[in-house]
Amino acid sequence: MSSRLYSRIIQLAAITVRLPLKLFRKKPDDTKVRRILVIHQLLLGDAIMSTALLASLREKYPKASIDVAMPDFLVPLYSQKPYQINPISYSPKNAKSLIKLIQQKSYDIGIVLGDARYSWAAYAAGTRWIITHTGDYPAYKNWFVDELLPMPESPKAMPDLMADLCAADHLTTFSTSDWIFEDVVITSPESPYIVFHLGASSVLKLWPVDSWLELGHKLKNNGFSIVVTCGPGEEALLEKFRGNGDFEQLVPGNFTLLQMRKLIAQSSLLVSPDTGISHLAKLTNTPLVCLFGPGPVELVGNSQFFNNHKARYLSNPIPCRDQPVIFKRPVSWVRFCERNTHQCQDPKCIKSLTVNNVYSASKELLKK
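Okay, so let's go over this structure. This structure is a prediction, so every number in the text was calculated from the model and none was measured.

**Comments concerning helix 8 (residues 257-265)**
Counting buried positions along helix 8 yields eight of nine residues, so the element is predominantly enclosed. Turning to helix 8, its buried residues are Leu257, Leu258, Gln259, Met260, Arg261, Lys262, Leu263 and Ile264. Those residues of helix 8 that are buried are in contact with helix 2 (44-49), strand 7 (193-197), strand 8 (225-230), strand 9 (249-252), strand 10 (269-273) and helix 9 (276-284).

**Considering helix 12 (residues 355-366)**
Since there are 3.6 residues in each turn of an α-helix, residues three or four apart along the chain are aligned in direction. The end-to-end C-alpha distance of helix 12 is 16 Å, a good match for the 16 Å that 12 residues give at a rise of 1.5 Å each. The secondary structure elements touched by the buried residues of helix 12 are helix 7 (209-220), strand 10, strand 11 (288-291) and strand 12 (311-314).

**Remarks on the nonpolar core**
Leu57, Leu77, Tyr78, Ile111, Leu263 and Ile326 are the most contacted members of the largest nonpolar core, which has 70 residues in total. Excluding anything up to four places from it in sequence, isoleucine 326 contacts Met151, Met158, Leu161, Leu299, Val331, Trp333 and Val334. One finds Cys230, Leu314, Leu353 and Val355 within the second-largest nonpolar core, a separate group that totals 28 residues.

**As for the packing of aromatic side chains**
Under the counting rule described, the total for this entry stands at 16 aromatic pairs. Centre to centre, the rings of tyrosine 140 and tryptophan 143 are 6.3 Å apart; their planes meet at 75°, and the pair counts as edge-to-face. Assessed through its relative accessible area of 35%, tyrosine 140 is described here as partly exposed. Pairing phenylalanine 196 with tryptophan 212 gives two aromatic rings, centres 5.0 Å apart and planes at 45°, and the pair type is tilted.

**Some words on the side chain of serine 50**
Following the sequence through the fold, serine 50 ends up in the loop between helix 2 and helix 3 (51-60). Polar contacts involving the side chain of serine 50 include one to the main-chain carbonyl oxygen of alanine 47, which spans 2.5 Å. Each residue touching serine 50, except ones within four places of it in the same chain, is listed here: Leu42, Leu113 and Met162.

**Quick word on the sheet that holds strand 5 (residues 130-133)**
Taken in spatial order, the six strands of this open sheet run 3-2-1-4-5-6, and their pairing is parallel. Every other strand in the sheet has two partners, leaving strand 3 (85-89) and strand 6 (147-149) as the edge strands with one partner each. If you compare each strand with its neighbour and ignore which way they point, the axes differ by 20° on average. Here five bridges tie strand 1 (residues 35-39) to strand 2 (residues 65-70), and the two strands are oriented parallel to one another. The residue bridging arginine 35 from the neighbouring strand is serine 65, located in strand 2.

**As for a nonpolar patch on the surface**
On the surface, Leu5, Tyr6 and Ile9 cluster together to form a nonpolar patch covering roughly 270 Å² of accessible area. Mapped onto the fold, isoleucine 9 is located in helix 1 (residues 3-18). The partly exposed category is assigned to isoleucine 9, whose relative accessible area is 42%.

**With respect to the pattern of salt bridges**
Counted according to the given criterion, the structure contains 18 salt bridges. Across the salt bridge formed by lysine 60 and aspartate 30, the nearest N and O atoms sit 3.6 Å from each other. Here the residue lysine 60 occupies a position in helix 3, and aspartate 30 occupies one in the loop between helix 1 and strand 1, the gap between them amounting to 30 residues. Here aspartate 30 falls in the partly exposed class, since its relative accessible area comes to 38%. One salt bridge connects aspartate 136 with arginine 329, and the closest N-O pair in it is separated by 4.0 Å. Of this pair, aspartate 136 sits in the loop between strand 5 and strand 6 while arginine 329 is found in strand 14 (residues 329-330), placing the two residues 193 residues apart along the sequence. The burial state of aspartate 136 is the same as that of arginine 329; both residues are buried. Because the salt bridges share partners, they merge into one network encompassing Asp115, Arg117, Asp136, Lys141 and Arg329.

Reading guide: rules and limits
Counting starts from 1 at the beginning of each chain's written sequence and moves along it residue by residue. Totals for whole chains, interfaces and linings use every residue, but because this is a predicted model, local features are given only for residues with pLDDT of at least 70 and side-chain atom pairs only at 80 or more, for both listing and counting. With hydrogens and water set aside, each side-chain value is computed from the structure's full complement of heavy atoms. Relative accessibility thresholds used throughout: buried, under 20% of the residue-type maximum; exposed, over 50%; partly exposed, between the two (1.4 Å probe, protein chains only). Numbering of helices and strands runs from the N terminus; a helix is a DSSP stretch of H or I covering at least four residues, while a strand is a stretch of E covering at least two. The criterion used for residue contact is that any of the two residues' heavy atoms lie within 4.5 Å. The length a helix should cover is 1.5 Å for every residue beyond the first. Put simply, buried Ala, Val, Leu, Ile, Met, Phe, Trp, Tyr and Cys residues joined by side-chain atoms within 4.5 Å make one nonpolar core. Only the six-membered ring of Trp is used, alongside the rings of Phe and Tyr, when aromatic pairs are assigned; centres must lie within 6.5 Å, and planes under 30 degrees apart are stacked while those over 60 apart are edge-to-face, with the rest tilted. Under the rule applied, a polar contact is a pair of N or O atoms within 3.5 Å (in protein, one hydrogen donor and one hydrogen acceptor; residues adjacent in sequence only if both atoms are side-chain atoms). Following DSSP output, two strands are said to pair if at least two bridges run between them. Helix axes use the C-alpha atoms of the stretch in contact, all axes being lines fitted to C-alpha atoms, and the angles between their N-to-C directions lie in the range 0 to 180 degrees. Exposure above 30% relative accessible area and the lack of any salt bridge qualify a residue for a patch; like charges then connect within 9 Å, and the nonpolar side chains Val, Leu, Ile, Met, Phe, Trp and Tyr within 5 Å. Surface accessibility in these figures is a Shrake-Rupley result with a 1.4 Å probe; residues are shielded only by whichever protein chains are displayed. Here, a salt bridge means any Lys or Arg side-chain nitrogen found within 4 Å of an Asp or Glu carboxyl oxygen.

Next comes the structure, spelled out in structure tokens:
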């Protein structure tokens, strides 16, 4: 029996035991909330943006215990328990992780980020009141959700709309002192240095290699060492940089997230496509030039929560960035593109960003 099937059987069994109690569910009074569960399977960037929710929860419920069930690869980032949260490794494919979640003491409130299907796991864990955003489908995903909150009707950044799930009186602002990280060892480049992160979650987000090479030459002539990184499995992106004197160090996808965070924290600037690594710069307050292709800059660019972060988000209007969705939910003001490489062989969106555009944005941030 596969672990995923075993996990589903355990989840259904736990739900069945708790099902009669559903008739008596009611939203707990804020003053009586003692235990909170946040559950998700977000990628790195979305998880970092959900920090706004964690900060709001901690402010609203200063004495509550807050558990965050998340993918295992994210857990090391939370080892020092920012906002006094408890990270729990969870995957719907891993029965042991579900058992560990169910064995926790039951929760007063559960907040589901992204896919609403994880409300089933929250219910199996004995959560008394479950909240998520409306609009996910099919309808069965929402069967155990008690409160469906609407997506905003006008543009709002992802961190800020995630914080809305907490219904806090006001949104706090991030400070690097709120999140302390475990120290790790890296081979430190010669300072001052700039990090180029080439990789992305989709090849349609990749800026042309020749553009990176030209940008590196320009910034090298301004007195900066250039470090080039990519993610695991993206090593081929580095081929044209090998042996090129403009680039001091290549990191071929072998750094952990904590090592990448430290590398970015000690740098003068990060230049990256719109991908998870770019959001690490928000946690370290490192200046960022972020290159947008298919992604919606209005959703993952400037936010109220990270408003102290110095960044330039570069995006050009393009007709085919026309899909109004967030986490598969319809949202009229979003302009996104989720097409794959079969549907788009020539990503004009990311290619439209010129070297001069990126160089000018970099120089502007480096002067500050």
